[in-house]
Amino acid sequence: MSHLRKNGIDIQGDTQKKQLINTGYFHGYKGYRFFEKASRPIPFSKYSDVYATIMYDSDLKSLFYSRIMFIETAVKNIALERIMIDANSEKIQDMYNCVVAGYNSFDKNIDERTKKKAQHNKLILEKNIQSSLVKAYDKNNPQIVHFYNKTNYDGVPLWALFEILTLGDFAYLLSCLDISTRDHITIDLGMKVASVDTNRELIYKYLYTLKDLRNAIAHNAVVFDARFREMDPSPAMKECLKREFRLPYINFKTIGDYLILICFYLKLLGVSETDIKEMIRDFEKITDEYKNSVESEVANMVIHPDLKSRITILKKSL
């Protein structure tokens, strides 16, 4: 506390002492004292504003996490059903043989580099899946152990594999599918994106984007400033959401864009307009409460100036 006061942060009393202990100097103050990167310090002068920012971040995590888990489960189930239909099998090897792109999946006029890249990705996929199965077996995952320990073992079915895949590994699997199966999954999800997503990449690129947020939440990392972002959005990723909600822009540089992506998925998955708007209202409520609880200089840096107007457009477009 003395160190913080020497650095211009007003912190006093047993309550703030306890808050500092619970949130941690390194995880709390050091982790939240800047926006996105250390070269952009937030102009904190009071510890109460630091603590309010930590709580705002925590509220965002609570708001998003259950929705992301729902999206992950639903999209996995939709993709799983389509893969088994297109492969006409529930066997992992049949998936590799029938719907995963490889060297021989392309016409003769396709260039050698493209074919070799597809085969490379297929081999990496097989390696990743085998690694996931080994880890699950070693951890005595009952869904996996059951099949390997059967007397008449005939392989782990696809549905059991999908239960243990991380969101990132699942997205990679989708990226390795042939374009026909990716197109079918795109249609099954209800994505009307043919004109902007000619290579049917959105089904996995959006999941990679959600994966960054999901992992940050799961590891209790900072999310309010979207510093967790690992991937720049493609033109198709931006254009699709702009058209869907009639938004002026999308760049995934602020947390509001992740709210928009979650709304996009919830709408695709048949969640009612009422429930989606309830989530948006909760987002607005915790954001407004935060804005009203901290100094204006802090709020102006943490909350993007056009967040409110874009959320208004989002609600009108649902």
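I will try to describe carefully the structure that is included in this document. What you see is a predicted model, and the numbers here were worked out from it, not measured in a lab. Residue positions are given per chain, counted from 1 along the sequence in the order it is written. The predicted origin of the model limits local features to residues at a pLDDT of at least 70 and limits the giving and counting of side-chain atom pairs to 80 or more, whereas totals for whole chains, interfaces and linings rest on all residues. As a rule here, side-chain values come from all non-hydrogen atoms in the structure, and water together with hydrogens is ignored.

Observations regarding the pattern of salt bridges
Note on definitions: salt bridges are taken to be side-chain nitrogens of Lys or Arg within 4 Å of carboxyl oxygens of Asp or Glu. Tallying each qualifying case throughout the model produces 21 salt bridges. Salt-bridge contacts for Lys211 lead to Asp212; the nearest nitrogen and oxygen are separated by 3.1 Å. A salt bridge links Glu284 to Lys315; its shortest N-O distance comes to 3.2 Å. Taken as a pair, Glu284 in helix α14 (residues 273-293) and Lys315 in helix α16 (residues 307-317) lie far apart in primary sequence, 31 residues in all. Accessibility expressed as a relative area gives 19% for Glu284, which makes it buried. Burial classes follow relative accessibility: with a 1.4 Å probe on protein chains only, a residue under 20% of its type's maximum area counts as buried, one over 50% as exposed, and anything between as partly exposed. Assessed through its relative accessible area of 25%, Lys315 is described here as partly exposed. Segments assigned H or I by DSSP are reported as helices when at least four residues long, segments assigned E as strands when at least two residues long, and all are numbered from the N terminus.

Brief notes about helix α2 (residues 13-23)
For an α-helix the count is 3.6 residues per turn, leaving residues at separations of three or four pointing the same way. Within α2, the full set of buried residues consists of Gln16, Gln19, Leu20 and Thr23. Along the axis of α2, the buried residues cluster in a sector spanning 100°; they form a single face. Opposite the buried face of α2, at more than 90 degrees from it, the exposed residues are Asp14, Ile21 and Asn22. Two residues qualify as a contact provided that any one of their heavy atoms is within 4.5 Å of a heavy atom in the partner residue. Where α2 is buried, its residues meet α1 (2-6), α3 (25-32) and α4 (47-87). Two residues or fewer past α2, Gly24 is found with a positive phi of approximately 85°. Within this analysis, the arc is defined by the directions that extend from the helix axis to the C-beta atoms.

Some details on the nonpolar core
Definition used in this section: a nonpolar core is a set of buried Ala, Val, Leu, Ile, Met, Phe, Trp, Tyr and Cys residues joined via side-chain atoms within 4.5 Å. Ranked by internal contacts, the top residues of the largest apolar core, which has 105 residues, are Phe64, Met95, Tyr206 and Leu213. Apart from the residues lying within four places of it in its own chain, the contact partners of Leu213 are Phe64, Ile68, Val223, Phe228, Ile255, Tyr258 and Ile262.

Some remarks on the packing of α4 against helix α10 (residues 179-189)
At their nearest, the axes of α4 and α10 sit 10 Å apart, and the two run at 135° to each other. Considered as vectors, α4 and α10 are oriented oblique to each other. Crossing geometry of α4 relative to α10 is assigned as right-handed. In this structure, α4 uses Val75, Ile78, Ala79, Arg82, Ile83 and Asp86 to contact α10, whose residues at the interface are Thr181, His184, Ile185, Asp188 and Leu189. What counts as an axis is a line fitted to C-alpha atoms, over the stretch in contact for a helix, and the angles between N-to-C directions run from 0 to 180 degrees. For classification, angles of less than 35 degrees are called roughly parallel, those exceeding 145 degrees roughly antiparallel, those between 65 and 115 degrees roughly perpendicular, and all remaining angles oblique. The crossing is said to be left-handed when, going from far helix to near helix, the turn is anticlockwise and less than a right angle, and right-handed when the turn is clockwise.

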